[in-house]
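The primary structure of each chain is shown beneath.
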Amino acid sequence: MSEIHRARVPAPRVAPVEIHTAAPALGWYSDNILFGEIWERPGLDKRSRSIVTVAALMTRNHVAQLTGHFNRALTHGLAPSEIVELVTHMAFYAGWPCAMSAVGVMSQVFASRQVNPVGEQSLSTLAAIPDSMADAPAGLPANTGLLDTYREFVVEGDLWKRSGLAPRDRALATFSAIVAQEACELLPDELGRALRHGLTAEELMEAVTHLAFYVGWPKAAIAQRALSTWLTAQAASTSHSR
Amino acid sequence: MSEIHRARVPAPRVAPVEIHTAAPALGWYSDNILFGEIWERPGLDKRSRSIVTVAALMTRNHVAQLTGHFNRALTHGLAPSEIVELVTHMAFYAGWPCAMSAVGVMSQVFASRQVNPVGEQSLSTLAAIPDSMADAPAGLPANTGLLDTYREFVVEGDLWKRSGLAPRDRALATFSAIVAQEACELLPDELGRALRHGLTAEELMEAVTHLAFYVGWPKAAIAQRALSTWLTAQAASTSHSR
Amino acid sequence: MSEIHRARVPAPRVAPVEIHTAAPALGWYSDNILFGEIWERPGLDKRSRSIVTVAALMTRNHVAQLTGHFNRALTHGLAPSEIVELVTHMAFYAGWPCAMSAVGVMSQVFASRQVNPVGEQSLSTLAAIPDSMADAPAGLPANTGLLDTYREFVVEGDLWKRSGLAPRDRALATFSAIVAQEACELLPDELGRALRHGLTAEELMEAVTHLAFYVGWPKAAIAQRALSTWLTAQAASTSHSR
């Protein structure tokens, strides 16, 4: 019975002292590499690293680690209302279940800090969804894009325009979600947007290094290649057009 | 202590009222887009949407959301015995751990509704596994397919022929699992089977739109491209052969 | 309240008797195919199958199944200190959150068996991280490899050289992590290393068959193709160079 009970709950985010006891080398890497070096590197500010980390944790549904990282995000200067928007944004890029689980953790963190970020204005930017979409006939030609219609009106036309989180931060979270789920086929589309919204290539590459620790080396290596290829092609195209 | 305790449990499936309090825009999107529009669209019936949703949740191990969606599936007309078969089917397409976790949730849902779907007949269609496979010599040539042998005898020859769930529903669940884990490289093989078993291209494209909300936009966008490419190639091939 | 409470905890690793009651066919497949055949096949020893399984479970964060499989791993001859190293190794290949969650489960398993694997020597092989890396300037050219620097010094130069787990076992875990997250684009790099460290092509193909049951058929099928393609290319290259 007790073994089954233990199996029912996921492992807690182990307190640092416990990691050092249970797996000293892992504790050493955590202290000296992940927190001692990666988080301290100047190439990406800590607020941005928190956006990257929360986006990656949400994409992979790492609920056990979200409590700590929502708290870190607040410490690093993300406003509570920005966190609400980030969770909402990620519903579209990581999937609804990831957002539903994160809302529960977020609410607990806010309650423990007696934060209430939600004001009356929070729905004011929601555009009406055009009736034409809701009434779209069944049996659409299969290769026309109902998905594209939702993207145009709901995701691009509404979500990205909400005032609660800057487009630059949304682009950083979206980029992280794509790396975390290894959907690098979509990177070319997203990279142009990320640069237009003020992220630099250096910040994105730094984000990939940061993500290596949160989503694993393989996905980061694949993202690094995709990003480098895209940047090289952009540079060639720019130099050619001069 | 209390923080660690909170971190030990994943977030609950937050009750709707709580979502609206904690993240009003997310609640609005849930009510008006996901449940208000997507689930109500005529392009795919609700029973099918439940198959798609449960398959996606199982593939990504979203245990916290399975309670609600097993209940929805029953409401939408999936027989309890079909749900048992769906969970069994998904063991092969999402992996054993996903199925083991889902069995626990499923049993709780059935117990709460006093449903007992399992009769004596449920093992009757299990074909015997050929001894030749169990006795396959070690050191098989590396590029012959032991995996193919299991697929032929166990998955294709046995699982898909079990009477508890129609092949059409198995194909829909399999398609959803592939989209949810972005294994679109396999789509060409599965799409032919899906159409043979009675699914239409329109239903599959509608399933992709539905899945966008459950597995995130990036995977749905990749699946949409793969599906469109395949359909276009099929159409070209058909028109060419006329 | 009770439904929400149930939704808060992931499903337990259901005891075998419960699987047979709730989903008899799934129980039958578990007993007769997964445990009756796959685990018993001679192509890969059980200690290796435990490495493959734990690596796959960690990569996909299947915390609920780790208790049982850490226990199995001990039974199959993995030393407790090897399990600590395996968890540490996987932090890099599956991501930090997966390792943090696994450390908690591992500690519980060790406590229940009164095992304490961690000695004074466990940090002794940690090489100093070169200061040059910590001092790397911000604004590195975007397509140079900070990620590569970490890989060279931390992952390849330090982690892989730690004495607690043989390189052959690290290669097997790394291979499993890549298959489990479908990062097969990286397989060519890793396969050369796996063979150099003493794994055979037959063992790797057997691992893919084993993994089919733990990560699902689609990812195994993709890995099988990638592995076969690589082996064929290697064979052609070898025969050509003779």
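The structure displayed is predicted, hence computed values, not measured ones.

**Here's the deal with the overall build of chain A**
- Tallying secondary structure elements over chain A gives 13 helices and 0 strands in all.
- Counting from the amino terminus, chain A carries its helices and strands in the arrangement α-α-α-α-α-α-α-α-α-α-α-α-α.
- Residues classed as buried in chain A amount to 62% of the 242 residues present.
- A separation of at least 24 residues holds for 70% of the contacts in chain A among residues at least 6 apart in sequence.
- Only carbon and sulfur atoms are counted for the fraction: they give 53% of the accessible area of chain A, which is about 8600 Å².

**Thoughts on helix 9 (residues 146–159) of chain B**
- A bend of about 30 degrees at Glu152(B) is the largest found in helix 9 of chain B.
- Those residues of helix 9 of chain B lying buried are Leu146(B), Leu147(B), Tyr150(B), Val154(B), Val155(B), Asp158(B) and Leu159(B).

**Brief notes about unusual backbone geometry**
- Its identity as a non-glycine residue notwithstanding, Asn61(A) has a phi of 55 degrees, on the positive side.
- Mapped onto the secondary structure, Asn61(A) falls in the loop between helix 4 (46–59) and helix 5 (63–75).

**Side note on the nonpolar core**
- In terms of nonpolar packing, the biggest core is built from 252 residues, with Phe92(A), Phe213(A), Phe92(B), Phe213(B), Phe92(C) and Phe213(C) touching the most fellow members.
- Sequence-distant contacts of Phe213(A), defined by excluding residues within four places in its chain, comprise Ile33(A), Leu34(A), Ile38(A), Ala91(C), Phe92(C), Gly95(C), Trp96(C), Pro97(C) and Tyr150(C).

**Topic: the packing of aromatic side chains**
- Scanning the model with the defined rule gives 32 aromatic pairs over all chains in all.
- When the ring of Tyr29(A) is compared with that of Phe92(C), the centres are 5.0 Å apart and the planes differ by 85 degrees; the resulting orientation is edge-to-face. Pair noted here: Tyr29(A) is in helix 3 (residues 24–35) and Phe92(C) is in helix 6 (residues 80–94), and the two residues belong to different chains.
- With a relative accessible area of 0%, Tyr29(A) lands in the buried category.
- On the basis of an interplanar angle of 90 degrees and a centroid distance of 6.5 Å, the ring pair of Trp39(C) and Tyr214(C) is categorised as edge-to-face. Of this pair, Trp39(C) sits in the loop between helix 3 (24–35) and helix 4 (46–59) while Tyr214(C) sits in helix 12 (residues 201–215), placing them 175 residues apart in sequence. Here the two residues Trp39(C) and Tyr214(C) agree in accessibility, since each one is buried.
- The rings of Trp28(A), Tyr29(A), Phe213(A), Trp217(A), Phe92(C), Trp96(C) and Tyr150(C) are connected pair by pair, giving a single aromatic cluster.
- Here the basic side chain of Arg193(A) rests over the ring of Trp160(A), its NZ or CZ set 3.7 Å away from the ring centre.

**Side note on the pattern of salt bridges**
- Applying the stated criterion across every chain, the model contains 45 salt bridges over all chains.
- Notably, a salt bridge pairs Glu40(B) with Lys46(B), separated by 2.9 Å at the nearest N-O pair.
- A residue is classified by how much of its surface remains accessible, and Lys46(B), at 32% relative accessible area, is partly exposed.
- Among the charged side chains, a salt-bridge network with shared partners connects Asp45(A), Arg47(A), Glu82(A), Arg168(A), Asp169(A) and Glu203(A).

The rules we used
- Residues numbered from 1 in each chain as written.
- Chains lettered and ligands numbered in written order.
- Predicted model: local features only at pLDDT ≥ 70, side-chain atom pairs only at ≥ 80, totals over all residues.
- Heavy atoms only, no water.
- Helix = DSSP H or I, 4+ residues; strand = E, 2+ residues; numbered from the N terminus.
- Buried < 20%, exposed > 50% of the residue type's maximum accessible area, 1.4 Å probe, protein only.
- Contact = heavy atoms within 4.5 Å.
- Areas by Shrake-Rupley, 256 points an atom, 1.4 Å probe, with all protein chains shown as cover.
- Bend = angle between axes of the 7 residues up to and from the residue.
- Core = buried A, V, L, I, M, F, W, Y, C linked by side-chain atoms within 4.5 Å.
- Phe/Tyr/Trp six-rings, centres within 6.5 Å; stacked < 30°, edge-to-face > 60°.
- Lys NZ or Arg CZ within 6 Å of the ring centre and 35° of its normal.
- Salt bridge = Lys/Arg side-chain N within 4 Å of Asp/Glu carboxyl O.

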